[in-house]
Amino acid sequence: MKILIQTLIMTYLLIICSCTTEKTFSEKEINIGIKAVIKGYDPIQANDTYGSVEISRIYEGLLEYHYLKRPFELRANLAEEMPKVSADGLTYTFKLRKGVVFQDDKAFPNNKGRELVAEDFVYSIKRLADPKLMSKGWWLLDDKLVGLNEWRQKHSELETVDYDEVVKGIRALDRYTLQFELKRPFPQFLYALAMPFCFVVAKEVVDFYGKDFQNHPIGTGAFKLSKFSAGANKVVYYKNPTFREMYYPKEAYSEFERLGHLKDAGKRLPLVDKISVSFMPTEQPRWLNFSKGNIDTLEIPKDNFNSVLNDQKELKSEYTSKGVKLEVAPSLDLTYIGFNFDKEIFKNKKLRQAIALAFDNKSHNKLFHNGVAQEANGIIPPGVSGFDSNFINKYLTFNIQKAKELLAQAGFPGGKGLPELTYDTSNSTTHRQQGEFFAKLLAQIGIKLRVFTNQFPVLQQKINDRKVDLFGIAWSADYPDAENFLQLLYGPNKSPGTNDTGYNNPTYNELYKKSAIMQNSPERTQIYEKLNQIMAEDVPIIPNVHRQFYIIKHKWLKNYIHSDFEFGRAKYLNVDLKEKAEIVPTL
């Protein structure tokens, strides 16, 4: 009976795949399927990867990462050039590009988008700091700009927020000149300006749509969206007809040049007419849609891994013969299990250590990542300063007997006296299975664990509201510096900031504060390593893996390069309609 039901479901999905997509090839369209729904398009709330990528199709910032250079390199975007920085490293002065306009919308007079000016960034940064808006990104600039914290504190005590009040640390010197003044050195400042939290919005649009602003994104970006409805299973972006003159880069990292990623050099952006994004939380519909040519690229689902790749982890001939290409991309990220320190029971360190020792990371990697992820030994991923490949985390060694001993020392021998714990995670099939796997491991030492699955925005809200015990989540780098991972455990970043656990260790906090104003140096790397060691002993989280993505893409999709920093990159993609028209009917 079970097999029959599965067959009927697969048949239904195939019918859906083959009937709902009109196979016309008259316009260049990118088709993408993503794992999670998004909660809206307000840049100051862009605290997850899925939402950040969608927001960055419409909104932009002063800087962006060069599309074709490695190591990653920032370059001017809405800024005319990289900023002038004062000798003491505290003052950054930007000149804005002239002639950049917001997308046309009824929020503007005569429905015509107006020119971007420096005051727009002043307003947008103040929105990030506005205490009434409770931005998820405030941690990024907290205590960084002169006068901004004082402005925030003052208005947290007033009924209304005065955006006209001058803040010394963020000022428009004239129509196109923007100046930031830092309180102290902040080595990651330029990286921060490339993040969606700092992308620019227009005050007229925010005022016009009010509480519905997040559903009416109007930016300066390459694509536009007429309206977003929460709960929709698909959104379609169209080329922005008022997008400024911007061209595909003419320089590239040698490997990208070898792979042909300079063929569109010098062409005006964006290269496609529209982008369709479907929200597909389960893997098999995504896989079936890729197989039929309805979406252009995806990460190989874990259950299809061995049917797509041979023993050498190369594409099998049945896929290469159809022009499918493979990209293997190590990710600057970390998946982990977090403890909610607001729950009194998790202040028991030996309990946390016992749970960590009961976690079998090797089997987890094999079952859910096909053994190709790197098992984590701490919070810092490979590829950035502070990662120590020789470090042995003694609580990530999967030792059931030792876990039982620590559980007894924690006051819960055999789990006696310990209430049933809960574990919250996303609602995909894989995440549910990971939760069930975790529950089975804990049952071996006598701990009962109940698994709850949630839509991703709901999971985030439950974590923010402190309504979880343990939770499974991942963190992808916002910029290539270990500081971006270490700040996850900095006490003042407690949720609704990025510190979802609420861990607050004074020693850790002081070391983190010291390192946060240091330039890259051997001394800073030593502090990063020390912070990782403190985390390993205290176990506020159980680090799982650093993922390695196996991404397949159809031949007609051009210029696609996986990146940990996907913001604003869709404008560089292209589609070969002739190849698509030839291949799709054969799938």
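What this report covers is the structure whose coordinates are included nearby.

What counts and what doesn't
- Residues numbered from 1 in each chain as written.
- Predicted model: local features only at pLDDT ≥ 70, side-chain atom pairs only at ≥ 80, totals over all residues.
- Heavy atoms only, no water.
- Helix = DSSP H or I, 4+ residues; strand = E, 2+ residues; numbered from the N terminus.
- Expected span 1.5 Å × (residues − 1).
- Buried < 20%, exposed > 50% of the residue type's maximum accessible area, 1.4 Å probe, protein only.
- Pairing = 2+ DSSP bridges.
- Phe/Tyr/Trp six-rings, centres within 6.5 Å; stacked < 30°, edge-to-face > 60°.
- Lys NZ or Arg CZ within 6 Å of the ring centre and 35° of its normal.
- Salt bridge = Lys/Arg side-chain N within 4 Å of Asp/Glu carboxyl O.

### Re helix H14 (residues 429-443)
So, point 1. Under the 1.5 Å per step criterion, the end-to-end length of H14 is 21 Å for 15 residues, consistent within 8% with the ideal 21 Å.
So, point 2. For H14, the full list of buried residues reads Thr430, Gln434, Gly435, Phe437, Phe438, Ala439, Leu441 and Leu442.

### Let's talk about the pairing of strand E17 (residues 470-476)
So, point 1. Judged by how many residues are buried, E17 sits mostly within the fold: 6 of 7 residues are covered.
So, point 2. Here strand E15 (residues 421-426) runs beside E17; their pairing, made up of 2 bridges, is parallel. Bridge pairing links tyrosine 423 to leucine 470 in E17.

### Notes on the packing of aromatic side chains
So, point 1. The full count for this structure, using the stated rule, is 32 aromatic pairs.
So, point 2. Between tyrosine 123 and tyrosine 163, the aromatic rings sit 5.0 Å apart at their centres with planes inclined by 45°, giving tilted as the arrangement. Taken together, the positions of tyrosine 123 in helix H3 (residues 118-129) and tyrosine 163 in the loop between helix H4 (148-156) and strand E6 (170-174) put the pair 40 residues apart, joining distant regions of the chain. For the pair tyrosine 123 and tyrosine 163, one class covers both residues: buried.
So, point 3. A connected cluster of aromatic rings, assembled from ring pairs, spans Tyr65, Phe72, Tyr191, Tyr479 and Phe565.
So, point 4. The side chain of lysine 322 reaches across the aromatic face of tyrosine 319, ending 5.9 Å from its centre.
So, point 5. Its end group placed over the ring of phenylalanine 452, lysine 462 keeps NZ or CZ at 5.3 Å from the ring centre.

### Here's the deal with the pattern of salt bridges
So, point 1. In this structure the tally under the stated criterion is 39 salt bridges.
So, point 2. One salt bridge in this structure joins lysine 343 and aspartate 469, with 2.6 Å as the shortest N-O distance. Here aspartate 469 lies in the loop between helix H15 (456-464) and E17 and lysine 343 lies in the loop between strand E13 (333-339) and helix H11 (349-357), a separation of 126 residues in the sequence.
So, point 3. Taking the relative accessible area as the measure of exposure, aspartate 469 reaches 11% and is therefore buried.
So, point 4. Among the salt bridges present, the one from lysine 347 reaches glutamate 344, with a minimum N-O distance of 3.4 Å.

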